[in-house]
Amino acid sequence: MARVVVDVMLKPEILDPQGQAIAGACSRLGFEGIEQVRQGKRFEVEVEGAVDEAKLADVRRLAETLLANTVIEEYSVRVED
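Each value, and the rule that gives it
- Residues numbered from 1 in each chain as written.
- Predicted model: local features only at pLDDT ≥ 70, side-chain atom pairs only at ≥ 80, totals over all residues.
- Heavy atoms only, no water.
- Pairing = 2+ DSSP bridges.
- Helix = DSSP H or I, 4+ residues; strand = E, 2+ residues; numbered from the N terminus.
- Expected span 1.5 Å × (residues − 1).
- Buried < 20%, exposed > 50% of the residue type's maximum accessible area, 1.4 Å probe, protein only.
- Arc of directions from axis to C-beta.
- Axes fitted to C-alpha atoms, helices over the stretch in contact; angles between N-to-C directions.
- Contact = heavy atoms within 4.5 Å.
- Salt bridge = Lys/Arg side-chain N within 4 Å of Asp/Glu carboxyl O.

Student: Sorry if this is basic, but what is going on with the pairing of strand β1 (residues 2-10) here?
Tutor: One face of the sheet, then the other: side chains in a regular strand alternate in exactly this way. Inspection of the sheet shows β1 paired to strand β2 (residues 40-47) by 8 bridges, in the antiparallel sense. Bridging across to β2, Asp7 finds its partner in Arg42. Where β1 lies against strand β3 (residues 73-80), 8 bridges are found, and the strand directions are antiparallel. Bridge pairing in β3 places Arg3 opposite Glu80.

As structure tokens, this is what we get:
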């Protein structure tokens, strides 16, 4: 079995209130020098057998239709060793 990782993040132009709240809490908790935090999601997809271009295409289609809201989010797909 192989693992394909899909990382989903808000597009840069979309406000991230959760990330802003975390960044604001950093200085109160003693973490200095943190200017910005962006919150995202990580999905680990286990696929049968080796990952070929067809399986990667299927995972990309899964990401685009189910895992990410492509209006406000972008995603990346990679094979994890």
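Here the narrative resumes.
Student: So what exactly am I meant to see when it comes to helix α2 (residues 53-67) here?
Tutor: Three or four residues apart is the spacing at which side chains of an α-helix point the same way, because the helix has 3.6 residues per turn. Given a rise of 1.5 Å per residue, 15 residues ought to cover 21 Å, and the 19 Å separating the end C-alpha atoms of α2 matches this to within 8%. Listed in full, the buried residues belonging to α2 are Leu56, Val59, Ala63 and Leu67. For α2, the buried positions fall inside an angular range of 60° around the axis, keeping them on one side. Opposite the packed face of α2, turned more than 90 degrees from it, sit the exposed residues Glu53, Ala54, Arg61, Thr65 and Leu66.

Student: I tried to follow the sheet that holds β3 on my own but got confused; where do I start?
Tutor: Pairing between the strands of a sheet comes from backbone hydrogen bonds, and it takes one of two forms, parallel or antiparallel. One open sheet holds the 3 strands; their spatial order is β2-β1-β3, and the pairing between them is antiparallel. Taken across any chain shown, the strands that pair with only one partner, and hence form the sheet edges, are β2 and β3. Geometrically, the sheet is characterised by an average inter-axis angle of 20° between neighbouring strands, direction not taken into account. The strands touched by α2 are β1, β2 and β3; relative to β3, the strand with the most contacts, the crossing angle is about 150°.

Student: Explanation requested: the pattern of salt bridges in the structure shown.
Tutor: Pairs can form between side chains of opposite charge once their charged atoms are near each other. By the definition in use, this model includes 9 salt bridges. The partner of Arg3 in a salt bridge is Glu46, and the shortest N-O contact between them spans 3.0 Å. Highlighted residues: Arg3 in strand β1 and Glu46 in strand β2, separated in sequence by 43 residues. Here Arg3 falls in the partly exposed class, since its relative accessible area comes to 30%. Asp58 is the salt-bridge partner of Arg61, the closest N and O atoms lying 3.0 Å from each other. Of this pair, Arg61 and Asp58 are both found in helix α2, 3 residues apart, which corresponds to roughly one turn of the helix. Judged by its relative accessible area of 42%, Asp58 falls in the partly exposed class. Overlapping salt bridges bring together Arg3, Asp7, Arg42, Glu44, Glu46, Arg78 and Glu80 as one network.

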